[in-house]
Amino acid sequence: PRKSRASALRDALGRRTLARLLVVFFLAILAFGGMEATFALWAMAQFGWGPAQVGYLFTYIGLLSAVMQGGLTGRLTARFGEEKLLVAGLALIALGLLAIPLAHDLPVLMVAVSCLALGMGAMQPSLNSLISRRAGAEQQGEVMGVAQSVASLSRVLGPICAGALFAGLGRDSPFLAGMALVIAAVAIG
């Protein structure tokens, strides 16, 4: 018999290592989702950009992340292991989130978003693999479903929280708060 999603979540959170990985996943996606939701508003205020420039930048982020996931992550995992790659990916995401508010010209911004793209490209596959392996063969599908539910929740909450921060504390606050979340994820992981 299939378990309910709530029951599967309870079971996963009851396993310490799995719970830690799920919290790391939640925090990292929460931070990245908040960045995605507020970046266009930030770029409009910071650089006077419109939809085309923001679209080009997100295309670059997506392509760089895809290159990382498609070509480099496997080789880096074989060399360093998933745990180290996860921490390196989270560190790059935190660095990118810190660098965005410091970007007053395009070269600095490109470094910031490159860190974000490479970090996400390293973090996500490593984390998915670690979660899958910690789940055990008989519960992999169930646990991966829970992980995707956790990520979906963070994709909903990230833009809400980041939007509130942007409106209440200023345009740099979502990125700095996201950096704090990712640092917390590194500490937990």
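The model shown is predicted, which means the values in this text are computed figures rather than measured ones.

1. Looking at the nonpolar core
Phase 1: Residues Phe39, Trp42, Leu97, Met123 and Ile131 are the most contacted members of the largest nonpolar core, which totals 49 residues.
Phase 2: Residue assignment for this core shows that the elements contributing at least two residues are helix 1 (5–13), helix 2 (16–47), helix 3 (51–80), helix 4 (82–102), helix 5 (106–135), helix 6 (140–169) and helix 7 (173–188).
Phase 3: Considering each element in turn, this core owes the most residues, 14 residues, to helix 2.
Phase 4: Excluding its chain neighbours within four sequence positions, the residues that come into contact with Trp42 are Phe47, Ile100, Pro101, Ala103, Leu109, Phe166, Arg171, Asp172 and Phe175.

2. Some remarks on the environment of Pro159
Phase 1: For Pro159, the position within the fold is in helix 6.
Phase 2: Relative accessible area serves as the criterion here: at 30%, Pro159 is assigned to the partly exposed category.
Phase 3: Sequence separation of Pro159 and Phe32 is 127 residues, and the distance between their C-alpha atoms is 9.2 Å.
Phase 4: With sequence-adjacent residues up to four places away left out, Pro159 is seen in contact with Gly33, Gly34, Ala37 and Ser154.

3. With respect to the pattern of salt bridges
Phase 1: This model, assessed by the stated rule, comprises two salt bridges.
Phase 2: Across the salt bridge formed by Glu82 and Arg133, the nearest N and O atoms sit 2.2 Å from each other. Of the two residues, Glu82 is situated in helix 4 and Arg133 in helix 5; the sequence distance between them amounts to 51 residues.
Phase 3: For Arg133, a relative accessible area of 48% puts it in the partly exposed group.
Phase 4: Among the salt bridges present, the one from Arg134 reaches Glu83, with a minimum N-O distance of 3.2 Å. Of the two residues, Arg134 sits in helix 5 while Glu83 sits in helix 4, which places them 51 residues apart along the sequence.

4. Structural notes on the packing of helix 2 against helix 3
Phase 1: Contact geometry of helix 2 with helix 3 gives a least axis separation of 10 Å together with a crossing angle of 150°. By the angle between their axes, helix 2 is roughly antiparallel relative to helix 3. Of helix 3, the residues touching helix 2 (which contributes Phe32, Met35, Glu36, Phe39, Ala40 and Ala43) are Val54, Leu57, Phe58 and Ile61.

5. Some details on the packing of helix 2 against helix 5
Helix-helix packing: each pair is described by the crossing angle between the helix axes and the interaxial distance.
Phase 1: At a closest axis distance of 10 Å, the pairing of helix 2 and helix 5 adopts a crossing angle of 160°. Our classification of the angle between helix 2 and helix 5 gives roughly antiparallel. Taken as a pair, helix 2 and helix 5 cross one another with a handedness that is left-handed.
Phase 2: Of the residues in the contact of helix 2 with helix 5, the class split is 20 nonpolar, three polar and one charged.

6. Observations regarding a nonpolar patch on the surface
Phase 1: On the surface, a nonpolar cluster with roughly 340 Å² of combined accessible area is contributed by Leu95, Leu98, Leu102 and Leu176.
Phase 2: Per-element accounting of the nonpolar patch gives the leading share, three residues, to helix 4.

7. Concerning helix 4
The α-helix advances 3.6 residues per turn, and as a result positions three or four apart in sequence lie on the same side.
Phase 1: Its 21 residues give helix 4 an end-to-end C-alpha distance of 30 Å, which sits within 8% of 30 Å, the value for a rise of 1.5 Å per residue.
Phase 2: Glu82, Leu85, Leu86, Gly89, Leu90, Ile93, Ala94, Gly96, Leu97, Ala99, Ile100 and Pro101 are the residues of helix 4 that are buried.
Phase 3: Turning to helix 4, the residues buried within the fold contact helix 2, helix 3, helix 5 and helix 7.

8. Here's the deal with the side chain of Thr73
Phase 1: Turning to its location among the elements, Thr73 is positioned in helix 3.
Phase 2: By relative accessible area, which is 5% here, Thr73 ends up buried.
Phase 3: A distance of 3.0 Å separates a polar atom in the side chain of Thr73 from the backbone oxygen of Gly121.
Phase 4: Not counting residues within four places of it along the chain, the set of residues in contact with Thr73 comprises Met68, Leu85, Gly121, Ala122 and Pro125.

Cut-offs applied
- Residues numbered from 1 in each chain as written.
- Predicted model: local features only at pLDDT ≥ 70, side-chain atom pairs only at ≥ 80, totals over all residues.
- Heavy atoms only, no water.
- Core = buried A, V, L, I, M, F, W, Y, C linked by side-chain atoms within 4.5 Å.
- Buried < 20%, exposed > 50% of the residue type's maximum accessible area, 1.4 Å probe, protein only.
- Helix = DSSP H or I, 4+ residues; strand = E, 2+ residues; numbered from the N terminus.
- Contact = heavy atoms within 4.5 Å.
- Salt bridge = Lys/Arg side-chain N within 4 Å of Asp/Glu carboxyl O.
- Axes fitted to C-alpha atoms, helices over the stretch in contact; angles between N-to-C directions.
- Parallel < 35°, antiparallel > 145°, perpendicular 65-115°, else oblique.
- Left-handed = near helix turned anticlockwise from the far one by under 90°.
- Nonpolar A, V, L, I, M, F, W, Y, C, P; charged D, E, K, R; others polar.
- Patch = residues over 30% accessible without salt bridge, like charges linked within 9 Å, V, L, I, M, F, W, Y side chains within 5 Å.
- Areas by Shrake-Rupley, 256 points an atom, 1.4 Å probe, with all protein chains shown as cover.
- Expected span 1.5 Å × (residues − 1).
- Polar contact = N/O pair within 3.5 Å; in protein donor to acceptor, adjacent residues only side chain to side chain.

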